[in-house]
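An overview of the molecular structure
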Amino acid sequence: MISVVGLETAPDAQPGAGIVIATGARFDSEHAEHWLERASFTLSEAEVADRRVITVGSVSETLADIAERCRRRPHSAAICDDVLRAIDPGATAFAGVVTESLAYSVLQAGPEFAGWLAERGPATAPDASDPVLIDRDGDTLRLRLNRPERHNAFSNAMRAALLDGLAVAEADTSIDEVVLAGTGRSFCSGGDLAEFGGFTDVPSAHLARTRYSPALALDTLTARLGARCRADIHGQVLGSGLEMAAFCGRVRAHPEAVLGLPELNLGLIPGAGGTVSVTRRIGRWRTAYLILSGRTIGATTAQRWGLVDEVSAEAWSCP
């Protein structure tokens, strides 16, 4: 599943099929560029600005952790790597979201997701009367995810309400600023796990993800508004929450925000456009690391990587 190569390895070496992780400290070696570009990502204990390289405290421990995660979810890990290599960040968001969703559909019907559902068991989530708060102040439209008791876990009802709010912004060209935020302790902790597995019609789920997508609506608004389509994120910013925020033209993070893509735990890959939006911001290598390692990063690292544009606590008011 995972092949590990050193940056000094000759390019004619043939790693086994699957994920390739490069390691080493000689970034000026004769063959380093070949492996930096080809690998899923490169691990180093040295600080390196190259976005194909992830700096970690211990390469050996990180490799062991990732190998174990990939051993437990081999289909999801391999398909994740395939999707990230297949998507062109410079192409339309729709093309990338379709590719992602087709792969997600395959995994939805697979044994790893079924195993996670069996481990989770039956689950229900309380309804929220106003899953998204929509307020207009002059030419600014504010959309606040509003399930604070569940860290704004993204539910079907929240998705529908957010789409309604974004449709208003798309239709009314007098709106020249859109701000996406969340109430309570977190921006969004990702998809509501209690709802996973509830929609067993996989083809219809694919069509819903690609034809009624908040992420694609945010991408359209960003094309029109640029940085005036903004996400203000705080607390847990995970899974679909991070994926949607990354489509915004500007992302402002609270200093204590925690960002990550945990979908591999479920036997899935990101399904809300993250293989497009996150990859556009930080490249496929760091995106692959976030997914395959399951590790989270703080706001400072996210800003250094380009996943957020500003770290500030000044304007935060999250009732």
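Note that residues are indexed from 1 along each chain, following the sequence as it is written. Local features in this predicted model are restricted to residues of pLDDT 70 or higher, and side-chain atom pairs are both shown and tallied only at a pLDDT of 80 or more, whereas totals for entire chains, interfaces and linings draw on every residue. For side-chain calculations, the full set of non-hydrogen atoms in the structure is used, while hydrogens and water are omitted.

By the naming in an unreviewed UniProt entry, the chain goes by Enoyl-CoA hydratase and is assigned to Mycolicibacter terrae.

Regarding unusual backbone geometry
One can expect most non-glycine residues to show negative phi and most peptide bonds to be in trans. Note the cut-off: Only runs of H or I of at least four residues qualify as helices and only runs of E of at least two qualify as strands under DSSP, and these elements are numbered from the N terminus. For each residue, the accessible area found with a 1.4 Å probe, counting protein chains only, is set against the maximum for its type, and the residue is called buried under 20%, exposed over 50%, and partly exposed in between.
Of note in this structure, His-151 is not a glycine but carries a positive phi near 50°. Note that His-151 resides in the loop between strand 6 (140–145) and helix 6 (156–171). Here Asn-152, not a glycine, exhibits a phi torsion of approximately 55°, which is positive. Here Asn-152 is to be found in the loop between strand 6 and helix 6. The exposure class of Asn-152 is buried, given its relative accessible area of 0%.

Concerning the sheet that holds strand 4 (residues 53–55)
Strand pairing within a sheet occurs via backbone hydrogen bonds; the two strands may be parallel or antiparallel. Selection rule: Any two strands with at least two DSSP bridges between them are considered paired. Between N-to-C directions, angles span 0 to 180 degrees; the directions come from axes that are lines fitted to C-alpha atoms, helices contributing only their stretch in contact.
The 4 strands are arranged 1-2-3-4 in an open sheet whose pairing can be described as parallel. Looking along the sheet, the strands with just one partner apiece sit at the ends: strand 1 (2–6) and strand 4. Between one strand axis and the next, the sheet turns by 30° as a mean value, whatever way the strands run. Pairing geometry for strand 2 (residues 19–23) and strand 3 (residues 41–44), over 3 bridges, is parallel. Looking at the pairing, Ala-22 lines up with Thr-42 of strand 3.

Focus on the environment of Pro-126
Worth spelling out the cut-off: We call two residues in contact whenever any of their non-hydrogen atoms come within 4.5 Å of each other.
With respect to the helices, strands and loops of the structure, Pro-126 is situated in the loop between helix 5 (111–120) and strand 5 (132–137). Along the primary structure Pro-126 and Arg-150 are separated by 24 residues, whereas in three dimensions their C-alpha atoms are 9.2 Å apart. Setting aside its immediate chain neighbours within four residues, Pro-126 contacts Arg-147 and Arg-150.

As for the pairing of strand 10 (residues 250–253)
Where strand 8 (residues 229–233) and strand 10 come together, 4 bridges link them in parallel fashion. Residue Ala-231 lies in a different strand from strand 10, and its bridge partner there is Val-251. Judged from the 2 bridges that link them, strand 10 and strand 13 (residues 310–311) form a sheet pairing that is parallel. Bridge assignment links Arg-252 to a residue of strand 13, and that residue is Glu-310.

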